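Residue strings, one per chain:
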Amino acid sequence: MAKTAEKKKSKKSKKPGKMGGNVSSKLPGTELVAVEDKGWSIKGELALSCSCEVFCPCVVSLGASPPTHGYCQAWVGVRIDQGHKDGVPLSGVNMALMLDIPGRMGEGGWTAALYIDEGASAAQVSALEAIMSGAAGGTTGLFRLLIANFLGTKRVPVTYNVDGDVRTLQAGKAILGSIQPIKGARDGEPVSIQNSTYWMGPEIVVAKGLRSKVRDFGRVWTFDECSAEICSIDWKG
């Protein structure tokens, strides 16, 4: 009888902990994180400066109370520490919004403009437009109902800097603002709203504008010494 030779096949063992799907860096110089194939998620920080005095009543009333001047003009800065949409990595991208709200926040009729850092790819711009317009649903899905007039997206240098407790946002020549938390009774703890159901996040730090201005789309706004907010965000859809 003929002897059959058995060939031994060597198999490389798989390294434990390897994750499937696309992979992108969380921030330049940090570890790699997995990017999910579907849906979207943004984690990071938001800074907002508006025309309201003392503190914006929209936060506590969840948009039901009128702003202090009957209208609200604002800029919003977002630093994305970790994020993705449908496999497109969004980590490290900065963006900003200009908001012109004619009355109560919850009644809609908003006019908005979006500014995305010029370093973002076309795919990232498309993903962020879908998220911030409300088209992608989820946390920002309410924007689809509230924004009546979208002025468009501009790709400009957008920086979001933290110096001590001061946040500074610049979006091209359109927005330049610095805001600072209001100090609380306990050393090192700012005044804050806790356990809120406000759409931005459950904890909102009460702040004020140091220097704050918008100069774009016919708007000439200055919010020095007016209401401001800082919030950690964990949005998804």
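As a reminder, the structure under discussion sits directly above these lines.
Within each chain, residues carry numbers counting from 1 in the order of the written sequence. pLDDT decides what is reported in this predicted model: residues at 70 or higher carry local features, side-chain atom pairs at 80 or more are listed and counted, and totals for whole chains, interfaces and linings draw on all residues regardless. Calculation of side-chain values draws on the structure's entire complement of heavy atoms; hydrogens and water are dropped beforehand.

*Asks:* How should unusual backbone geometry be read in this particular structure?
*Replies:* The phi torsion of most residues other than glycine is negative, and most of the peptide bonds are trans. In this structure, asparagine 195 takes a positive phi of about 60° despite not being glycine. Burial classes: relative accessible area under 20% of the type maximum marks a residue as buried, over 50% as exposed, and values in between as partly exposed (1.4 Å probe, protein chains only). For asparagine 195, a relative accessible area of 68% puts it in the exposed group. In this structure, glutamate 225 takes a positive phi of about 70° despite not being glycine. Put simply, DSSP marks the helices as runs of H or I at least four residues long and the strands as runs of E at least two long, and each gets a number from the N terminus on. Within the secondary structure, glutamate 225 is located in the loop between strand 14 (219–222) and strand 15 (227–236).

*Asks:* Explain the nonpolar core here, please?
*Replies:* One broad rule of soluble globular proteins: the nonpolar side chains tend to lie buried together. By nonpolar core is meant a set of buried Ala, Val, Leu, Ile, Met, Phe, Trp, Tyr and Cys residues that side-chain atoms within 4.5 Å join together. Ile42, Met95 and Leu128 are the most contacted members of the largest nonpolar core, which has 37 residues in total. Those elements that provide at least two residues to this core are strand 3 (40–50), strand 4 (72–85), strand 6 (94–101), strand 7 (110–117), helix 2 (122–133), helix 3 (143–146) and strand 15. Here, two residues are considered to be in contact whenever any of their heavy atoms come within 4.5 Å of each other. Setting aside its immediate chain neighbours within four residues, isoleucine 42 contacts Ile80, Gln82, Gly83, Leu90, Met95, Leu128, Ile131, Ile233, Asp234 and Trp235. Ala171, Ala174, Phe223 and Ala228 belong to the second largest nonpolar core, which has 22 residues in total.

*Asks:* For this particular structure, what's the right way to read the pairing of strand 15?
*Replies:* Two faces, one strand: in a regular strand the side chains alternate between the faces of the sheet. Most of strand 15 is tucked away: 7 of the 10 residues are buried. Two elements, strand 3 and strand 15, share 9 bridges in a ladder whose sense is antiparallel. Note that in strand 15 the partner of leucine 46 across the bridge is cysteine 231. Note: two strands are recorded as paired if DSSP finds a minimum of 2 bridges between them. Relative to strand 15, strand 13 (residues 204–216) runs antiparallel, the two sharing 5 bridges. Paired with lysine 208 across the strands is serine 227, a residue of strand 15.

*Asks:* Would you mind showing me how to read the pattern of salt bridges here?
*Replies:* In a structure, side chains of opposite charge can pair up when their charged atoms sit close to one another. Salt-bridge detection follows one rule: a side-chain nitrogen of Lys or Arg within 4 Å of a carboxyl oxygen of Asp or Glu. The final tally for this structure, using the stated rule, is 10 salt bridges. Where arginine 186 meets glutamate 189, a salt bridge forms, and the shortest distance between an N and an O atom there is 3.1 Å. What makes glutamate 189 partly exposed here is its relative accessible area of 39%. It is possible to trace a salt-bridge network through shared partners that takes in Glu45, Arg79, Asp81 and Arg167.

*Asks:* Quick question: what am I supposed to make of the side chain of serine 49 here?
*Replies:* Relative to the elements of secondary structure, serine 49 occurs in strand 3. Only 2.7 Å separates the side chain of serine 49 from the side chain of serine 212, close enough to count as a polar contact. Those residues in contact with serine 49 that sit more than four places away from it in its chain are Gln73, Ala74, Trp75, Ile179, Ser212, Phe223, Ser227 and Ala228. Here a polar contact is recorded for every N or O atom pair within 3.5 Å, except that within protein the pair must consist of a potential hydrogen donor and a potential acceptor, and residues adjacent in sequence are included only if both atoms are side-chain atoms.

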